[in-house]
Amino acid sequence: MTGFAKDSLVRVKSHFPPSPPAHCRTPFYIRGCVGKIERICGAFENPEELAFGRVGGDKKVLYRVRFSQSDIWPDYEGSKNDQIDIELYDFWLENPEEERK
Amino acid sequence: MNRDFTARGNHDMGGLEAGTIDKDEHDYALWEKRVDAMMMLLSNELSILTVDQLRKGIEALPPDAYDNMTYYERWMASITNTLLETGVITTEELGSKMREIKPDFFSGMDSLK
């Protein structure tokens, strides 16, 4: 699950159990989309646990993932070169070659 | 693209029609600065709340409340609820302080008893 290299392709999970009612920090519009690892930001405490006041848990690797706007929005009218970068934790990402779970 | 989603939260509005966005700069009211200062004290100085708890509390607001509250009203609602949940303050303490600051705050409600 962890350890994506820079420039590798990743898919954002559509479902992250247990969701709901857990606190979810990955925007709705990006779930299921495929992007490329732009950089590894470091490792930080999990905001989806910190949201419940649970401080001091394991650190999770945070990636900056680059997506093409026209991949995200089917009716996108801007340039084909337009991109969006979103920072996402490793547990939200999967290998797009693998069967969708 | 086959995207199957868990439910979209009311706050999670990326990609939805937003209407006209007011981009004018504006000054903050004194109470707004105080709410911000209180959050900084509770998180950075006292470690009573995490900023993620603030965020969770904001997202837990009923959709109608979320849509109609201003930015710092949402902060205030979230901070208050979280401090009550975690036992830092009691409803009685909150109520008596509100009465002290604004004695007529509950006057309309008293008549409902």
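Quantities reported herein were computed from a predicted structural model and do not represent experimental measurements.

K.L.:
Help me understand the overall build of chain A in this model?
P.N.:
A tally of regular secondary structure across chain A gives two helices and five strands. Ordered by position from the N terminus, the helices and strands of chain A form the series β-β-α-β-α-β-β. Relative to its length of 101 residues, chain A is compact, with a C-alpha radius of gyration of 14 Å against a globular reference of 13 Å. Along the first, second and third principal axes, the C-alpha atoms of chain A reach 45 × 30 × 25 Å. In chain A, which comprises 101 residues, the share counted as buried stands at 22%. When contacts within chain A are restricted to residue pairs at least 6 apart in sequence, those whose partners lie at least 24 apart make up 58%.

K.L.:
How do you make sense of the environment of A:Asp7 when you look at a structure like this?
P.N.:
Residue and element names in this part refer to chain A. With respect to the secondary-structure elements, Asp7 resides in the segment before β1 (9-12). Remark: the alpha-carbon pair of Asp7 and Arg39, spanning 32 residues in sequence, is separated by 7.9 Å. Filtering out sequence-adjacent residues up to four positions away, Asp7 remains in contact with Lys36 and Ile37.

K.L.:
Sorry, what's going on with the nonpolar core here?
P.N.:
Taken as a class, soluble globular proteins show a tendency for nonpolar side chains to be buried jointly. Ranked by internal contacts, the top residues of the largest apolar core, which has 13 residues, are A:Val12, A:Val65, A:Phe67, A:Leu88, A:Trp92 and A:Leu93. Of all the secondary structure elements, the ones that give two or more residues to this core are β1, β3 (59-68) and β4 (83-89) of chain A.

K.L.:
I'm lost on the pairing of strand β2 (residues 34-45) of chain A in this one. Help?
P.N.:
Consecutive side chains of a regular strand alternate in pointing toward one face of the sheet and then the other. Residue and element names in this part refer to chain A. Bridge count between β1 and β2: three bridges; the pairing is antiparallel. Opposite Val10, over in β2, you have Gly35 as the bridge partner. Sheet analysis places β2 next to β3, joined by eight bridges and oriented antiparallel. Bridged to Arg39 within β3 is Arg64.

K.L.:
How should I be thinking about the packing of helix α1 (residues 30-45) of chain B against helix α4 (residues 71-85) of chain B in this particular structure?
P.N.:
All names here are of chain B. With their axes 10 Å apart at the nearest point, α1 and α4 run at an angle of 40° to one another. Of the possible angle classes, the one that applies to α1 and α4 is oblique. Of the two elements, α1 crosses α4, and the hand of that crossing is left-handed. Seen from α1, the contacting residues are Glu32, Val35, Met38, Met39 and Leu42; seen from α4, they are Tyr72, Trp75, Met76 and Ile79.

K.L.:
What is the right way to look at the pairing of β3(A) in this model?
P.N.:
Summarising the sheet, β3(A) and β4(A) pair through seven bridges and their orientation is antiparallel. Residue A:Arg64 lies in a different strand from β4(A), and its bridge partner there is A:Glu87.

K.L.:
I'm lost on helix α2 (residues 51-59) of chain B in this one. Help?
P.N.:
An α-helix turns once every 3.6 residues. As a result, residues three or four positions apart point the same way. B:Asp52, B:Gln53, B:Lys56 and B:Gly57 are the residues of α2(B) that are buried. Projected down its long axis, α2(B) carries its buried residues within an arc of 140°, all on one side. Among the structural elements, α1 (47-50) of chain A together with α4 of chain B are those in contact with the buried residues of α2(B).

Conventions we followed
Residues numbered from 1 in each chain as written. Chains lettered and ligands numbered in written order. Predicted model: local features only at pLDDT ≥ 70, side-chain atom pairs only at ≥ 80, totals over all residues. Helix = DSSP H or I, 4+ residues; strand = E, 2+ residues; numbered from the N terminus. Rg over C-alpha atoms; globule rule 2.2 N^0.38 Å. Buried ≥ 20, exposed ≤ 12 C-beta atoms within 10 Å, placed from the backbone. Contact = placed C-beta atoms within 7 Å. Core = buried A, V, L, I, M, F, W, Y, C linked by C-beta atoms within 7 Å. Pairing = 2+ DSSP bridges. Axes fitted to C-alpha atoms, helices over the stretch in contact; angles between N-to-C directions. Parallel < 35°, antiparallel > 145°, perpendicular 65-115°, else oblique. Left-handed = near helix turned anticlockwise from the far one by under 90°. Arc of directions from axis to C-beta.

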